[in-house]
2 protein chains.
Amino acid sequence: MGTTGRRPGAYVCGIDAAMDLIGGKWKVLILWALHERPCRFGELRRELPGVTEKVLASHLREMEADGLVHREAYDEVPPRVEYSLTARGVSLNEALEPLGAWGRANVPGMSPAPGQMREDDDVPLVTGAA
Amino acid sequence: MGTTGRRPGAYVCGIDAAMDLIGGKWKVLILWALHERPCRFGELRRELPGVTEKVLASHLREMEADGLVHREAYDEVPPRVEYSLTARGVSLNEALEPLGAWGRANVPGMSPAPGQMREDDDVPLVTGAA
DNA sequence: CGGTATCCTGGATGATACTG
DNA sequence: CAGTATCATCCAGGATACCG
């Protein structure tokens, strides 16, 4: 699933183990969107400009299998499904924090034109949770 | 270069910006190895079981271009080249710390058989650099 | 030793169409 | 709305061979 293709328990260090869970092209963005608020499938799709249903669904299923995302299906008509982060997902997101900060500080092309940016770029910076 | 293919400055958040720099299959491992000590090309190759020269060279060139790795070529016979981390590389490595800790704690298949593991799994945890 | 030059492949990603 | 099914594509990564 990940980027490394090193899945079968042959990880060299914790980082590439974690990387395998977020290696998908949209996974950190999903984590990101979901950490804001639970989202329905369609909402999520709108949050991630350019993702296709197939890929989104597939990523979501993988992340669910990895225990990062919780899927709640309501048996209604029309159907409604809500995705949210599990505690594990939240903690992963927090572990990703410093990397995000580093990227914001060190990667050019991050400074977005005002009105063009996602304001939610300032994150909680929690340290107490899992 | 990265995993996202979102390079041209169209990053959604700092995390995927950073991810783009470490998305290569061996990049975090290179960062990892180099944070231990500067390495020659051949050493590096031995550190990363399974990497090919082409890919290693290519990753190294990208990381050099990204300002993460410094390449020092000594004009000797036989040729000698030493790779080391730049301050930027060191700081990225540090930003990766929490993710590594998360992976070690949360991903099964990480608990290595004694003697099979890399003991260098405990890292400096420096906070003052870069 | 420290690479570069080619060719090739798998699998992740994308496009499109269809369904309960 | 929330997906699944199929087919097409792209390219990072790998294999191999050769060079200064």
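What counts, and where the lines are drawn
- Residues numbered from 1 in each chain as written.
- Chains lettered and ligands numbered in written order.
- Predicted model: local features only at pLDDT ≥ 70, side-chain atom pairs only at ≥ 80, totals over all residues.
- Heavy atoms only, no water.
- Least-squares fit on C-alpha atoms with pLDDT ≥ 70 in both.
- Contact = heavy atoms within 4.5 Å.
- Buried area = accessible area lost by both parts, 1.4 Å probe.
- Salt bridge = Lys/Arg side-chain N within 4 Å of Asp/Glu carboxyl O.
- Polar contact = N/O pair within 3.5 Å; in protein donor to acceptor, adjacent residues only side chain to side chain.
- Helix = DSSP H or I, 4+ residues; strand = E, 2+ residues; numbered from the N terminus.
- Nonpolar A, V, L, I, M, F, W, Y, C, P; charged D, E, K, R; others polar.
- Buried < 20%, exposed > 50% of the residue type's maximum accessible area, 1.4 Å probe, protein only.
- Pairing = 2+ DSSP bridges.
- Near = heavy atom within 4 Å.

Per an unreviewed UniProt entry, chain A goes by DNA-binding HxlR family transcriptional regulator and derives from Streptomyces collinus.

**Concerning the relation of the copies chain B and chain A**
Here chain B sits on chain A after a turn of 180 degrees about the axis and a move of 0.0 Å along it, with an RMSD of 0.1 Å. Here the copies are linked by what is in effect a two-fold axis. Residue by residue, 100% of the interface of chain B is reproduced at the interface of chain A, so both copies engage with the same surface.

**Let's talk about the interface of chain B and chain A**
Listed per partner, the contact involves 40 residues of chain B and 40 residues of chain A. Summed over both sides, the interface of chain B with chain A buries roughly 3700 Å², with 74% coming from carbon and sulfur. The tally of links from chain B across to chain A stands at 0 salt bridges. Seen at the junction of chain B and chain A, the total is 4 residue pairs in polar contact (both at pLDDT 80 or more). Counting only elements with at least two residues in the side of chain B that touches chain A, the list comes to α1 (14-22), α2 (27-36) and α5 (87-106) of chain B. A breakdown of the residues in the side of chain B that touches chain A according to their chemical character gives 23 nonpolar, 10 polar and 7 charged.

**Quick word on the environment of A:Leu48**
Residue and element names in this part refer to chain A. Here Leu48 is to be found in the loop between α3 (41-47) and α4 (53-65). Overall, the relative accessible area of 1% leaves Leu48 in the buried class. In sequence terms Leu48 and Ala33 are 15 residues apart; their C-alpha atoms lie 8.4 Å from each other. Discounting chain neighbours no more than four positions away, the residues touching Leu48 are Trp26, Leu29, Ile30 and Leu56.

**Looking at the sheet that holds strand β3 (residues 80-85) of chain A**
Overall, antiparallel pairing links the 3 strands, which are arranged β1-β3-β2 (chain A) in an open sheet. What marks the edges here is a single partner per strand, and that holds for β1 (39-40) and β2 (69-74) of chain A.

**A look at the sheet that holds strand β3 (residues 80-85) of chain B**
Residue and element names in this part refer to chain B. An order of β1-β3-β2 is seen for the 3 strands of this open sheet, with the pairing classed as antiparallel. Among the strands making up the open sheet, the edge pair consists of β1 (39-40) and β2 (69-74). Across 6 bridges, β2 lies against β3 in antiparallel orientation. Residue pairing for β3: His70 is matched across the bridge by Ser84.

**What about the protein's contact with DNA strand D?**
DNA strand D sits among 19 residues. The nearest are A:Arg40, A:Arg71, A:Tyr83, B:Lys25 and B:Lys54. Sugar plus phosphate: this is where 69% of the atoms of DNA strand D within 4 Å of the protein reside. At a separation of 3.4 Å, a phosphate oxygen of DNA strand D approaches a polar backbone atom of A:Val81. Note that a phosphate oxygen of DNA strand D is positioned 3.0 Å from one of the side-chain N or O atoms of B:Trp26. Among the secondary structure elements, those contributing two or more residues to the surface near DNA strand D are α3, α4 and β3 of chain A together with α4 (53-65) of chain B. Class assignment of the residues belonging to the surface near DNA strand D gives a composition of 8 nonpolar, 4 polar and 7 charged.

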